[in-house]
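# Chain and residue survey
What follows is the residue order along each chain.
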Amino acid sequence: MSSAVHTKRILGPSGRTVQPKGRIGFANLPDQLVNRVVSYGFDFNILCVGETGVGKSTLMETLFKSAFDDVPVSHKQPEVSLTQHSYELREGNVNLRLTLVSTTGFGDQLSRESSAVPIVNYIDKQFEAYLQEELKIRRNLVDFRDTRVHVCVYFINPTGHSLKSLDLLCMKELDKRVNIIPVIAKADTISRPDLIQFKKQIMQELGSNGIKIYTFPTNEEQVGELNAKMNDYLPFGVVGSREEIIAGGKRIRARQYPWGIVEVENEAHCELTKLREMLIRTNMEDLREKTHEVHYQLYRSNRMTGMGFSDVSADNKPISLEETYQQKRNEHLKEMHTREEHMRAMFVQKVKEKEADLKSAEQVLIDDQDRTRQKHAEEKRALEEQRLLLEEEITQFNKRKAQVQAQRAQTEIMANNKPAVYTKSGKK
């Protein structure tokens, strides 16, 4: 028996549509997508940037109602560094792989310009890791642990006056790489009117310095009105606490003071619940999507452009990846050939220079040998002349010796032949 579905074709100005008369089942696609995504779980990565002791770890524990691993640090850190901790959270049937990254030593250095460098390097490193996985021949993005930073919660000290130059410089470097949600930490230390004025001052300074923070999307039908309302509260004034006390017969998170308590989840005391609502419950997926579609795509585009890839050719015509690859390959081969010819010419030049050096050294040796030979001949000639002089002196000496000996012999003979002479006494 045939089970063909009868359809009706309707032509309209926007194209052709088909209206099925019976139920087919593709209306279940959203449910299938939800089930598939839920089975894999979600990654959400938060970067906390703020000065030491501003309450970053306390606020994260308050937001997620969990105790996280954290080691207090001093203000004597030699440089800015980042610490990373990952946790597995489960709420209902949804698994969340949460990664908290916190700055250490931020604001404790004399050089403010270099304070943002380790943070920027960390964000780019996570983008690069995802890009390398994406460019693999056998990639597995489903099981790949996404460590890209989805949101940066920037902690502002409750000075009540204006932003520090450190905050402006850092957020200026971060706004092109990550979604920034500024919060005023320890908001219970300033009065409500001062907090409202401080918020206005912060937003004015961010706008005048061209710093773009994350604004909650208002184009969605269900949450657009709520997000538009919450955008007016930015930056949120928050208070965190690890302590639980009993108040009104309930166990609540609060901060105990001599004059009373500050309930961290009471909207009349602080805006922590607004931050939790916007960050986790309402806009978490938008933060993840904007990270991928805007910040990561910008990084990917810059990296691919830096590697020589482009969507259009030199004559502004569309070009495929294969054509780009072949073009880059030809350019590379041409460059390698040019380098080879240059190296060959340099090798020939070096050989010629070496030969010239060897010839010069050989000529120096020959000249030294000639000078040595000439010197030896002169010394030999001088020695020969000395030898002749000595032989002449020996001959003259022998002649004089012979003469002296002859005279001595003659004297002795004459002495022997002389007559004896007698004295009167009869003695000779």
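About the cut-offs
Residues numbered from 1 in each chain as written. Predicted model: local features only at pLDDT ≥ 70, side-chain atom pairs only at ≥ 80, totals over all residues. Heavy atoms only, no water. Pairing = 2+ DSSP bridges. Helix = DSSP H or I, 4+ residues; strand = E, 2+ residues; numbered from the N terminus. Axes fitted to C-alpha atoms, helices over the stretch in contact; angles between N-to-C directions. 1 Å grid on protein atoms, 1.4 Å probe; cavity = no way out; pocket = protein on both sides within 12 Å on 5 of 7 lines; lining within 4 Å. Points joined across faces, edges and corners; volume = space filled by probe spheres on them. Nonpolar A, V, L, I, M, F, W, Y, C, P; charged D, E, K, R; others polar. Disulfide = S-S within 2.5 Å. Buried < 20%, exposed > 50% of the residue type's maximum accessible area, 1.4 Å probe, protein only. Contact = heavy atoms within 4.5 Å. Core = buried A, V, L, I, M, F, W, Y, C linked by side-chain atoms within 4.5 Å. Patch = residues over 30% accessible without salt bridge, like charges linked within 9 Å, V, L, I, M, F, W, Y side chains within 5 Å. Areas by Shrake-Rupley, 256 points an atom, 1.4 Å probe, with all protein chains shown as cover. Salt bridge = Lys/Arg side-chain N within 4 Å of Asp/Glu carboxyl O. Polar contact = N/O pair within 3.5 Å; in protein donor to acceptor, adjacent residues only side chain to side chain.

### Description of the sheet that holds strand β11 (residues 260-263)
The three strands lie next to each other as β9-β10-β11, forming an open sheet whose pairing is antiparallel. Each edge of the sheet is formed by a strand with only one pairing partner; in this case those strands are β9 (244-247) and β11. Pairs of neighbouring strands in the sheet enclose a mean axial angle of 65°, with direction left out of account. One ladder, built from four bridges, connects strand β10 (residues 250-257) with β11; its direction is antiparallel. For Y257, the partnering residue across the bridge sits in β11 and is G260.

### Focus on empty space enclosed by the protein
In this approach a probe as big as a water molecule rolls over the atoms, and the regions it shows empty are the leftover space. Under the criterion given, the structure shown has one cavity of 30 Å³ or more. Estimates place the volume of the largest cavity at around 140 Å³. Of all the secondary-structure elements, those providing two or more residues to the lining of the largest cavity are α2 (56-64), β4 (81-91) and β5 (94-104). Examining the composition of the lining of the largest cavity, we find that four residues originate from one element, α2, more than from any other. The class makeup of the residues in the lining of the largest cavity is six nonpolar, four polar and four charged.

### Section: the state of the cysteines
Tallied over the full model, the rule gives zero disulfides. Between C170, a free cysteine, and C152, which holds the nearest cysteine sulfur, the sulfur-to-sulfur gap is 6.9 Å. A relative accessible area of 1% means that C170 is categorised as buried. Here C270 is not disulfide-linked; the sulfur of C48 is the nearest cysteine sulfur, at 16 Å. Assessed through its relative accessible area of 2%, C270 is described here as buried.

### A look at the sheet that holds strand β6 (residues 151-156)
Strand order across the open sheet formed by six strands is β4-β5-β3-β6-β7-β8, with mixed pairing between neighbours. Two strands close off the open sheet at either side, each with one partner strand: β4 and β8 (236-237). Contacts from helix α3 (residues 117-134) reach β3 (42-49), β4 and β5, with the element oriented near 45° to β4. Against the sheet, helix α4 (residues 165-174) touches β3, β6 and β7 (180-184), its axis set at about 170° to β6.

### Some thoughts on the nonpolar core
Of all hydrophobic cores here, the largest spans 72 residues; its most connected members are I46 and L174. If we skip the residues at most four places from it in the chain, I46 touches M60, F64, L98, T99, L100, V101, V151, V153 and L279.

### Some points on a nonpolar patch on the surface
Residues I24, F26 and L29 make up a contiguous nonpolar surface patch of roughly 330 Å² in combined accessible area. Within the secondary structure, I24 sits in the loop between β2 (15-20) and α1 (29-40).

### Examining unusual backbone geometry
Cis geometry marks the peptide bond from L234 to P235; its omega dihedral reads -10°. Mapped onto the fold, P235 is located in the loop between α6 (224-231) and β8. Residues other than glycine seldom take positive phi values, yet K186 does so here, at roughly 50°. Relative to the helices and strands, K186 resides in the loop between β7 and α5 (192-208).

### What to know about the layout of surface pockets
Computed from the structure, the largest pocket encloses a volume of approximately 930 Å³. Lining the largest pocket are 27 residues, and of these E91, L96, I280, R281 and M284 lie nearest its centre. Broken down by secondary-structure element, the contributors of at least two residues to the lining of the largest pocket are α2, β4, β5, α7 (272-282) and α8 (284-306). The element best represented in the lining of the largest pocket is α7, accounting for six residues. Split into classes, the residues belonging to the lining of the largest pocket amount to 10 nonpolar, six polar and 11 charged. Considered as a void within the structure, the second largest pocket measures approximately 610 Å³ in volume. Around the second largest pocket sit 20 residues that line it, and G41, Y130, L141, D146 and R288 are the ones nearest its centre. The element that contributes the greatest number of residues to the lining of the second largest pocket is α8, accounting for five residues. For the lining of the second largest pocket, the residue count by class is eight nonpolar, three polar and nine charged.

### A short note on the environment of D143
Mapped onto the fold, D143 is located in the loop between α3 and β6. Note: C-alpha distance between D143 and Y40 (103 residues apart in sequence) is 8.0 Å.

### Some points on α2
Within α2, eight of the nine residues are buried, which leaves it mostly tucked inside the rest of the structure. For α2, the set of buried residues is K56, T58, L59, M60, E61, T62, L63 and F64. Buried residues in α2 make contact with β3, β4, β5, β6, β10 and α7. Downstream of α2 by one or two residues, K65 has phi in the positive range, about 55°.

### Concerning the side chain of D124
Take D124: it is sitting in helix α3. Reaching out from D124, the side chain makes a polar contact with the side chain of R177 at a distance of 3.2 Å. D124 has contacts with R177 and Y299, leaving out every residue within four places of it along the chain.

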